[in-house]
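Spelled out, the chains give:
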Amino acid sequence: MKKKTKIFIIISACVIALLAAATAIYSGDYYRAQNVNAYLESENAVTVTKIKEGYYFDGPSEDRALIFYPGAKVEETAYAPLMSSLASRGVDCFLLKMPLRLAFFDMNKAERIVKNYEYESYYLAGHSLGGAMAADYSAKHPDKYSGLFLLAAYPSKDLSAARFPVVFIYGENDKVLNREKLKKGFSLAPAGYEKFEIRGANHSSFASYGEQKGDGKAEISAARQQSETAEIILSAVNGGA
């Protein structure tokens, strides 16, 4: 074997090893779910099943389901309390698990849910980066979904042609959310969009993973913030039923 070939092989092996190590370190750096085990267990109202795409919260609904995109670097099970609440009250939920916990890498994942399950109405929702990816994905399918809920998130694609309602939900004390981009996001939404600012709420407490770096201090509990979020979503879904 020629010397140059040996050097090339050695360098390639080193690069691959470094990339593998970097990926391992990066994939292990995320916000972990806290105190959610009870919400991942089936109960009378909701059956929770681990599926290939993430988790399926199957409640009493037969015709309505919500597909949820988690925030960046957040363990998907941190959203289990919100999903369980929605499912128990009439909207089944699919909580997606994303590669490296970044929805950017699989923003079309909702397609697999729609293909494999049968519901009359599908809604999309997401938190932070997950919401942004759900919004950008929905922009390509203006007739396919029945609604879009953006939790501390905003679209970057034009949604003005969408035939479904868009609802923005964000916290008064959110210091992670870019308010200028949120305002621009309003201009990209279809006419009749709604926005709700939850008083005392922050960015992190839409889920149960503790405090996110750079976030503002919540003046209400995470349970209350998630409860108010569920009420907004259910009101919009029931109003459109």
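Everything here concerns the structure above.
Every value quoted in this text rests on a predicted model; they were computed, and no experiment measured them. (Residues numbered from 1 in each chain as written. Predicted model: local features only at pLDDT ≥ 70, side-chain atom pairs only at ≥ 80, totals over all residues. Heavy atoms only, no water.)

Caption draft 1: Focus on the overall build of the protein. Check the secondary structure of the protein and you find six helices and eight strands. The secondary structure elements of the protein, listed N-terminal to C-terminal, are α-β-β-β-α-β-α-β-α-β-β-α-β-α. Residues counted as buried form 49% of the 241 residues belonging to the protein. Pairs at least 24 apart in sequence give 67% of the contacts found in the protein among residues at least 6 apart. Counting only carbon and sulfur atoms, one obtains 52% of the accessible surface of the protein, whose full area is about 12300 Å². (Helix = DSSP H or I, 4+ residues; strand = E, 2+ residues; numbered from the N terminus. Buried < 20%, exposed > 50% of the residue type's maximum accessible area, 1.4 Å probe, protein only. Contact = heavy atoms within 4.5 Å. Areas by Shrake-Rupley, 256 points an atom, 1.4 Å probe, with all protein chains shown as cover.)

Caption draft 2: Highlighting the pairing of strand 7 (residues 166-171). With six of six residues buried, strand 7 is to be regarded as a mostly interior element. The alternating pattern of strand 7 places Val166, Phe168 and Tyr170 and Val167, Ile169 and Gly171 on opposite faces, both of which are buried. The pairing of strand 6 (residues 147-151) with strand 7 spans four bridges and is classified as parallel. The residue of strand 7 that forms the bridge with Leu150 is Phe168. (Pairing = 2+ DSSP bridges.)

Caption draft 3: Local environment of the pattern of salt bridges. Under the defined criterion, the tally for this structure stands at seven salt bridges. When the shortest N-O distance is used, the salt bridge between Arg89 and Glu231 registers 2.7 Å. Residue Arg89 is located in the loop between helix 2 (80-88) and strand 4 (92-96), and its partner Glu231 is located in helix 6 (residues 222-239); the two are separated by 142 residues in the primary sequence. With its nearest N and O atoms 3.0 Å apart, the salt bridge here joins Arg224 to Glu228. Of this pair, Arg224 and Glu228 both sit in helix 6, four residues apart, roughly one helical turn. (Salt bridge = Lys/Arg side-chain N within 4 Å of Asp/Glu carboxyl O.)

Caption draft 4: Molecular detail of the sheet that holds strand 5 (residues 121-127). Pairing within the open sheet is mixed, and its eight strands lie in the order 1-2-4-3-5-6-7-8. Edge positions in the sheet fall to strand 1 (47-51) and strand 8 (194-198), since each of these pairs with one other strand and no more. Neighbour-to-neighbour, the strand axes of the sheet open up by a mean angle of 15 degrees, direction not taken into account. Across four bridges, the pairing between strand 2 (residues 54-58) and strand 4 is antiparallel. If you follow Phe57 over to strand 4, its bridge partner there is Cys93. Where helix 2 meets the sheet, it contacts strand 2, strand 3 (64-69), strand 4 and strand 6, and its direction lies at approximately 160 degrees from that of strand 4. With respect to the sheet, helix 5 (residues 179-188) is in contact with strand 7 and strand 8, its orientation differing from that of strand 7 by roughly 165 degrees. (Axes fitted to C-alpha atoms, helices over the stretch in contact; angles between N-to-C directions.)

Caption draft 5: Quick look at the packing of helix 2 against helix 6. Put simply, helix 2 and helix 6 touch, their axes get as near as 10 Å, and they point 40 degrees apart. Taken together, the axis directions place helix 2 and helix 6 in an arrangement best described as oblique. The handedness of the crossing between helix 2 and helix 6 is right-handed. Where helix 2 abuts helix 6, its residues Pro81, Leu82, Ser85 and Leu86 lie against Gln226, Thr229, Ala230, Ile233 and Leu234. Residues of the contact of helix 2 with helix 6, tallied by class, amount to six nonpolar, three polar and no charged. (Parallel < 35°, antiparallel > 145°, perpendicular 65-115°, else oblique. Left-handed = near helix turned anticlockwise from the far one by under 90°. Nonpolar A, V, L, I, M, F, W, Y, C, P; charged D, E, K, R; others polar.)

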